[in-house]
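# Tertiary structure, described
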Amino acid sequence: PNQGRGLMLTDKSYPELLPSLCSRGLMGNLLKVLACTELEHGPIVFLDFEHAQPTEAETAVWNQVSAVLEEAHGILAELQSYNGAGQEIREAIQNPGDLALQEKAWNAVCPLVAKLKRFYEFSLRLENALRSLLEALTSPPYAPMQHLEREQALAKQFAEILHFTLSFDELKMTNPAIQNDFSYYRRTISRNRLNNQQLEAENEVNNEMANRMSLFYAEATPMLKTLSNATTKFVSENKTLPIEDTTDCLSTMACVCRVMLETPEYRCRFTNTDTMLFCMRVMVGVIILYDHVHPVGAFAKTSKIDMKGCIKVLKEQPSNSVEGLLNALRYTTRHLNDDSTSKQIRALLQ
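Residues numbered from 1 in each chain as written. Predicted model: local features only at pLDDT ≥ 70, side-chain atom pairs only at ≥ 80, totals over all residues. Heavy atoms only, no water.

In the nomenclature of an unreviewed UniProt entry, the protein corresponds to Family with sequence similarity 49 member A, like from the organism Salarias fasciatus.

In structure tokens, the structure reads:
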């Protein structure tokens, strides 16, 4: 027993315990392991996430992050049902002289832009939540592994933020209506400004807010970009904190997710596909953050992430469930095309 909160064992010594550790639950068990080091003899630290409740020391940060995460489900549901105003916009553009159609399009777009504003503002709250978690999970005197063992409830929240982020960006990437609606909104505002008309909607989304939203939605993966910028900023602002404390936290989480996904004893215990997808999203999310923050990135030989293993695990899944994640690795990482990336890894991502 490891202080009553987890177990340290090797797959050679206790093979019969491996399956039982992950048979006792669903979303809680899949990140039952949030810390693992693959030493020569393969010891792994298993952390029990079934009932990860915040300790007294974690409570303040946990409550702050929990308030943000409670909104995440609603944001995803709204984005999933976002159909856009394509039809109304087309009719208005094709009939520029028809004021009724112009008004119809405008009335269809305004509530949608208000929704897009809510999503953008949520990204700012998510950024603050991530920052609080990074501070808690990297602060001295503990090493990243000790933090992940001691602060299981916070580590799980970190995973949930990454799961939300990748889910949001996958939905956004497959919905061109978002940018079309917002472009139409901005064009209409500009045209009316030229005609000295002030529209009511401008009170809600003024020009400065529209500029910031425009930059946000221009990104292929806006939430991930927000998180990677926040992580990079966190590292650069905390000069006394060794960068390894942050990157080791990320590489450890990537390792854990990969082990969960590639070990048949775990995989066969996942009772639904959501569990697998959660694990894959978290793995890809921490890889991308690591690649943005670490000086040489995730793909170099010296990286603490087994990129070959991670990519292979993804490619073993049905392509419709992982194509978005593979694209995230292809297009939102920083170091994939560096000379230090092996041809083998590049070939795997072709």
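## A few points about the pattern of salt bridges
Note the threshold: Here, a salt bridge means any side-chain nitrogen of Lys or Arg that lies within 4 Å of a carboxyl oxygen of Asp or Glu. Put simply, DSSP marks the helices as runs of H or I at least four residues long and the strands as runs of E at least two long, and each gets a number from the N terminus on. Remark: exposure states derive from per-residue accessible area (1.4 Å probe, protein chains only) relative to the maximum for the residue type, with buried under 20%, exposed over 50%, and partly exposed in between.
Under the criterion given, the structure shown has 13 salt bridges. Linking E170 and R281 is a salt bridge whose minimum nitrogen-to-oxygen distance equals 3.3 Å. Here the residue E170 occupies a position in helix α7 (residues 152-173), and R281 occupies one in helix α14 (residues 273-293), the gap between them amounting to 111 residues. Just as E170 is buried, R281 falls in that class too. A salt bridge links E262 to R258, with the nearest nitrogen and oxygen atoms 2.5 Å apart. Taken together, the positions of E262 and R258, both in helix α12 (residues 243-262) and four residues apart, correspond to about one turn of that helix. You can call E262 partly exposed: its relative accessible area is 34%. The exposure class of R258 is buried, given its relative accessible area of 3%. Shared partners join several salt bridges into a network, and the residues in it are R131, E135 and E237.

## Structural notes on the side chain of Q102
Here is the rule we go by: Polar contacts, as used here, are pairs of N or O atoms within 3.5 Å; protein pairs need one atom able to donate a hydrogen and one able to accept it. Residues neighboring in sequence count only if both atoms are side-chain atoms. By definition in these notes, contact holds between two residues if any of their heavy atoms fall within 4.5 Å.
Positionally, Q102 belongs in helix α5 (residues 99-138). Given a relative accessible area of 17%, Q102 falls into the buried group. Looking at Q102, its side chain comes within polar contact range of the main-chain oxygen of A92, at 2.8 Å. Leaving out residues up to four positions away in the same chain, Q102 has contacts with A92, N95, P96, Y184 and R191.

## Considerations on the packing of aromatic side chains
Defined as follows: Each Phe, Tyr or Trp ring (for Trp, its six-membered ring) is paired with any other whose centre lies within 6.5 Å, and the angle between the two planes then decides the class: stacked below 30 degrees, edge-to-face above 60, tilted in between.
Across all of its chains, the model carries eight aromatic pairs by this definition. Ring centres of W106 and Y185 lie 5.3 Å apart, and the angle between their planes is 5°; on these two criteria the pair is classed as stacked. Linking W106 in helix α5 with Y185 in helix α8 (residues 177-194), this pair joins segments that are 79 residues apart in sequence. Comparing W106 with Y185 shows no difference in burial state: the two are buried.

## Side note on the state of the cysteines
Stated formally: The criterion for a disulfide is a pair of cysteine sulfur atoms lying within 2.5 Å.
Scanning the entire structure with this criterion turns up zero disulfides. In this structure C279 is not part of a disulfide, and its nearest cysteine sulfur, from C257, lies 4.3 Å away.

## As for the environment of E323
Tracing the chain through its elements places E323 in helix α16 (residues 319-331). E323 sits in the partly exposed class, given a relative accessible area of 34%. Sequence separation between E323 and E170 is 153 residues; the distance between their C-alpha atoms is 9.7 Å. Engagement of the side chain of E323 in a polar contact is seen with the side chain of R330, the distance being 2.9 Å.

## Some points on empty space enclosed by the protein
Keep this limit in mind: Cavities and pockets are defined on a 1 Å grid built over the protein atoms alone: a cavity is a set of grid points where a 1.4 Å probe fits but cannot escape, while a pocket is an open set with protein on both sides within 12 Å along at least five of seven lines, and lining residues are those with an atom within 4 Å of any such point. Grid points are joined across faces, edges and corners, and a volume is the space filled by probe spheres set on the points. Any residue outside Ala, Val, Leu, Ile, Met, Phe, Trp, Tyr, Cys, Pro, Asp, Glu, Lys and Arg is labelled polar, Gly included; the first ten of those are nonpolar and the last four are charged.
One pass over the structure, following the stated rule, counts one cavity of 30 Å³ or more. The space that makes up the largest cavity amounts to roughly 40 Å³. Taken together, L166, D169, E170, M173, T221, L224, G324 and A328 form the lining of the largest cavity. Residue assignment for the lining of the largest cavity shows that the elements contributing at least two residues are α7 and α16. Counting residues per element, the lining of the largest cavity draws most heavily on α7, which supplies four residues. A per-class count over the lining of the largest cavity returns four nonpolar, two polar and two charged.

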